[in-house]
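# Structural features, examined
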Amino acid sequence: MNAKQLAKLIALVAITFGICFGLLVLSDGASTQVFEEMLSAFLVVATFLVTLSVAMFTYVDNISKDLVELRNEVPRDKLNNVIDQLSSLKREVVSNGGLIVALVILERTTKGIAVYQLAYYQDEMQAMISYIALSLRFSFFCVSIFAASMQLNGFIIASQYRDIIAKNRK
């Protein structure tokens, strides 16, 4: 993950945290159930995304292997460029899978800390801790959705490479 992608993720966390926290405060907690329902899908989404990462890595790796057939028919510099881009895509797929696992761990940890802290605080402080924890959890969920969109975009790119390779076979 490069600095630009990290900045996007941090901005996404900040924006989604702010939106969720603002809605919770403005609704005096009435929107809690909506966010909790969305978060109930997090583990399912995470499982799907990690599975997709494994499948995507295999798909891209197979495309790389298909390039061997074209090594004598394509200029070396173009072949090396495609191999470099596919290698970059494989690294991104692996890092997205790792990101999803990390987000699930962070989300579950945040929930656990919030439950523990809520036992010690009363009244308004308890509501703020609950809102902060829920907002963080929602932010992690939104980042996972963003990572999913990046993963699907990578799949589209890989499919385009596979089409190009297929068209150049004799």
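Here is a short report on the structure shown in this document. (Residues numbered from 1 in each chain as written. Predicted model: local features only at pLDDT ≥ 70, side-chain atom pairs only at ≥ 80, totals over all residues. Heavy atoms only, no water.)

## Brief notes about the nonpolar core
If you look at soluble globular proteins, the nonpolar side chains tend to sit buried side by side. Formally: Throughout this description, the term nonpolar core refers to a set of buried Ala, Val, Leu, Ile, Met, Phe, Trp, Tyr and Cys residues connected via side-chain atoms within 4.5 Å. Note on classification: 1.4 Å probe, protein chains only; a residue is buried when its accessible area is under 20% of the maximum for its type, exposed when over 50%, partly exposed between these limits. Helix and strand assignments come from DSSP, with helices taken as H or I runs of at least 4 residues and strands as E runs of at least 2, each series counted from the N terminus.
Among the nonpolar cores identified, the biggest contains 22 residues, and L24, F35, F42, L99, L103 and F138 are the most heavily contacted of them. Going through the elements one at a time, α1 (3-26), α2 (32-39), α3 (42-66), α4 (76-118) and α5 (123-167) are the ones with two or more residues in this core. At nine residues, α5 tops the list of elements feeding residues into this core. Among the nonpolar cores identified, the runner-up in size contains twelve residues, and V60, I63, L86 and Y161 belong to it.

## Here we look at unusual backbone geometry
Residues other than glycine seldom take positive phi values, yet D28 does so here, at roughly 55 degrees. Within the fold, D28 resides in the loop between α1 and α2.

## Remarks on the environment of L49
Rules: The contact rule is simple, with two residues in contact once any of their heavy atoms fall within 4.5 Å.
Here L49 is to be found in helix α3. Put simply, L49 and E69 are 20 residues apart on the chain and 31 Å apart in space, counted from C-alpha to C-alpha. In this structure L49 touches I100, S144, A148 and Q151, once residues within four positions along its chain are discounted.

## A word on the packing of aromatic side chains
Rules: Only Phe, Tyr and Trp rings are paired, with Trp represented by its six-membered ring, and only when their centres lie within 6.5 Å; those with planes under 30 degrees apart are stacked, over 60 edge-to-face, the remainder tilted. To sit over a ring, a charge needs its Lys NZ or Arg CZ within 6 Å of the ring centre and within 35 degrees of the ring normal.
A full pass over the atoms with the stated rule returns five aromatic pairs. Ring centres 6.5 Å apart and planes at 75 degrees place the aromatic pair F21 and Y131 in the edge-to-face group. Residue F21 is found in helix α1, and its partner Y131 is found in helix α5; the two are separated by 110 residues along the sequence. Judged by relative accessible area, which is 8%, Y131 ranks as buried. Clustering of aromatic rings is evident, with ring pairs tying together F17, F21 and Y131. Sitting over the ring of Y59, R162 keeps its end group 5.0 Å from the ring centre.

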